[in-house]
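The lines below spell out each chain.
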Amino acid sequence: MKESTILSNDDRELIGALQVGPRTPWTDIGAALGISGITAARRWERINASGVAWVTAAPGMSRRIEQCVAYVEVDCQPGRRIAVAAELARHELVVTVEITTGTADILLTIAAANLVTLSHYLLDHLGGMESVLRTRARIATKIYTEGSKWRLVDLTEDTLRVLDRARLKPDENRADEAISMTRDVQRLAELLTVNGRASYAELAAATGISPTTVRRHVGNLLRSGVLLPRTDVAAELSGSPVQVYLWADAPVEGLPATAHTISQIRQVRLCATVSSAPSMLLCAWLQTVEEVHRLELAIANRLPQVRVVDRLVVLRTVKRMGRLLDTHGRAIGVIPINIWDDMLEHPTRPYAAS
């Protein structure tokens, strides 16, 4: 069987349901798909064990927290791209590592608890790596869409209604509440980046915190947007194996509306505005390389004020939101995401000497 045909329609629908509700109970997932909860859980266990799809929790950006995200282009010594990418993938703040073709050898997505932590990593760790020649960092000012909102399939309205009733939704009224990232809360967050579907009982057993307290902390993390639960799938097996990043410029007065419109394009998985020129980054998953220019043409026709400045095509994803991937994009390991520890204050962390 070809790798590209490994996902059956039933598998795709199950993954799609978990994209809508990553932590939705199996009974509700099953009810939405017309199967039993036990069948849904067993099917997911097979898919997850194969590394084709997984549930995690990614760091988010909300209005009252200092968490920040940066997209960093890396140039390295000739012949060192794979080795450098593998080393960077061990770093907990580096949530995604992609080897690219174009004007950068590697593209990193880095998340940090605040700008100081991000600065320490960029200047004192990444900047000190021997094989890294140059880096160009752009810090996100707002993320309009990202992986937790991307959908593998279009589910029926009836299916979506069942899932919508059951899923935990971010609470806009609580987005302004400050979240205290105590050591216990950080530990829960780290565990959720490993298994986004971990139950309250499992989290309580792993941390020694009472299930009631775990439920409260997890609810705060998810409703506030500090963590974004998401279901990821191997791009190479999704039917859209070509991943492209476009750097684009648009007039600043219309930038929010422009970014919002681009976010509605089905192939677009990420759209963010950034703090330095060019002003916008988008990532799309496409069926063929030829589609890159068709996507640009579609954007130009709809938004003539947008000018694509540069493009990067992903040759290999080494790590996506903490998951280590093989050459087919399947998960083969995990580096727990920890964006709250500043490595200058914790010099004994595993990669401090990198």
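Residues take numbers from 1 onward in each chain, read along the sequence in its written order. Thresholds applied to this predicted model are a pLDDT of at least 70 for local features of residues and 80 or more for the giving and counting of side-chain atom pairs; totals over whole chains, interfaces and linings are not thresholded and use all residues. No hydrogens and no water enter the side-chain calculation; it runs on all heavy atoms of the structure.

1. Structural notes on the overall build of the protein chain
Counting its regular elements, the protein chain contains 11 helices and 12 strands. What you see for the protein chain is a C-alpha radius of gyration of 20 Å, in line with the 20 Å of a compact globule of 354 residues. Overall, the protein chain is about 50 × 50 × 45 Å in size when its C-alpha atoms are taken along their principal axes. Each residue gets one of three labels from its accessible area relative to the maximum for its type: buried under 20%, exposed over 50%, partly exposed in between, using a 1.4 Å probe on protein chains only. Within the protein chain, the fraction of its 354 residues that count as buried is 53%. Excluding contacts between residues fewer than 6 apart, the proportion of contacts in the protein chain whose partners are at least 24 apart in sequence is 76%. Note that His is not counted, nor are the chain ends; the positive residues are Lys and Arg, and the negative ones are Asp and Glu. Positions of charges follow a simple convention, taking NZ of Lys, CZ of Arg, CG of Asp or CD of Glu. Of the side-chain charges in the protein chain, 41 are positive and 39 negative, and the distance between the mean point of each set is 3 Å. Where helices and strands are cited, they refer to DSSP runs of H or I of at least four residues and of E of at least two residues respectively, numbered from the N terminus. The globule rule used for comparison is 2.2 Å times the number of residues to the exponent 0.38, while the radius of gyration itself is calculated over C-alpha atoms. In what follows, residue pairs with any heavy atoms lying within 4.5 Å of each other are defined as contacts.

2. A look at the pattern of salt bridges
In what follows, salt bridge is the name for a side-chain nitrogen of Lys or Arg lying within 4 Å of a carboxyl oxygen of Asp or Glu. One pass over the structure, following the stated rule, counts 15 salt bridges. Among the ionic pairs, aspartate 326 bridges to arginine 330, the shortest N-O distance being 3.2 Å. Note on arginine 330: relative accessible area 16%, which makes it buried. Each of Glu73, Asp75, Arg134, Arg136 and Arg138 takes part in salt bridges that share partners, so that together they form one network.

3. Some remarks on the side chain of threonine 109
Positionally, threonine 109 belongs in strand S4 (residues 106-112). Excluding residues that lie within four positions of it along the chain, threonine 109 makes contacts with Val69, Ala70, Tyr71, Leu93, Val94, Val95, Thr96 and Met321.

4. Some remarks on the environment of glutamate 92
Here glutamate 92 lies in the loop between helix H4 (81-88) and strand S3 (94-101). For glutamate 92, a relative accessible area of 8% translates into the label buried. Sequence-wise, glutamate 92 and glutamate 73 are 19 residues apart; in three dimensions their C-alpha atoms are separated by 17 Å.

5. Quick notes on the confidence of the model for the protein chain
You can read pLDDT as the predictor saying how much it trusts each residue, on a scale of 0 to 100. Of the residues in the protein chain, 91% have a pLDDT of 70 or more, and the chain-wide mean is 91. Under a pLDDT of 50 for its full length, residues 1-5 has, in the predicted model, six contacts with residues more than four places off or in other chains. Here residues 350-354 is a poorly scored stretch, pLDDT under 50, and it has 14 contacts once near neighbours within four places are set aside; other chains count.

6. A closer look at the packing of helix H7 (residues 183-194) against helix H8 (residues 200-207)
Between H7 and H8, the least distance of the axes is 11 Å, while the angle of their chain directions is 125°. Between H7 and H8, the angle falls in the class oblique. As H7 packs across H8, the resulting crossing turns out to be right-handed. Side by side, H7 and H8 meet where Arg187, Leu188, Leu191 and Leu192 of the first sit next to Leu203, Ala206 and Thr207 of the second. When residue character is reported, Ala, Val, Leu, Ile, Met, Phe, Trp, Tyr, Cys and Pro are called nonpolar, Asp, Glu, Lys and Arg charged, and the others, Gly included, polar. Tallied by class, residues from the contact of H7 with H8 come to five nonpolar, one polar and one charged. To get an axis, fit a line to the C-alpha atoms, keeping to the stretch in contact for a helix; angles then go from 0 to 180 degrees between the N-to-C directions. Should an angle lie under 35 degrees it is considered roughly parallel, over 145 roughly antiparallel, and from 65 to 115 roughly perpendicular; all remaining angles are considered oblique. The hand of a helix crossing depends on one turn: near helix anticlockwise from the far one by less than a right angle means left-handed, and clockwise means right-handed.

7. Observations regarding the pairing of strand S7 (residues 242-249)
Most of S7 is tucked away: seven of the eight residues are buried. Should DSSP find at least two bridges between two strands, the strands are taken to pair. Of the strand pairs in this sheet, S7 and strand S9 (residues 280-286) are connected by seven bridges, and their pairing is antiparallel. Bridge pairing in S9 links glutamine 243 to tryptophan 285. With six bridges connecting them, S7 and strand S10 (residues 307-320) associate as antiparallel partners.

8. Quick notes on the state of the cysteines
Note on terminology: pairs of cysteine sulfur atoms within 2.5 Å are recorded as disulfides. Summed over all chains, the structure comprises zero disulfides. Lacking any disulfide linkage, cysteine 271 is separated from the closest cysteine sulfur, that of cysteine 283, by 11 Å. Its relative accessible area of 4% is what places cysteine 283 among the buried residues.

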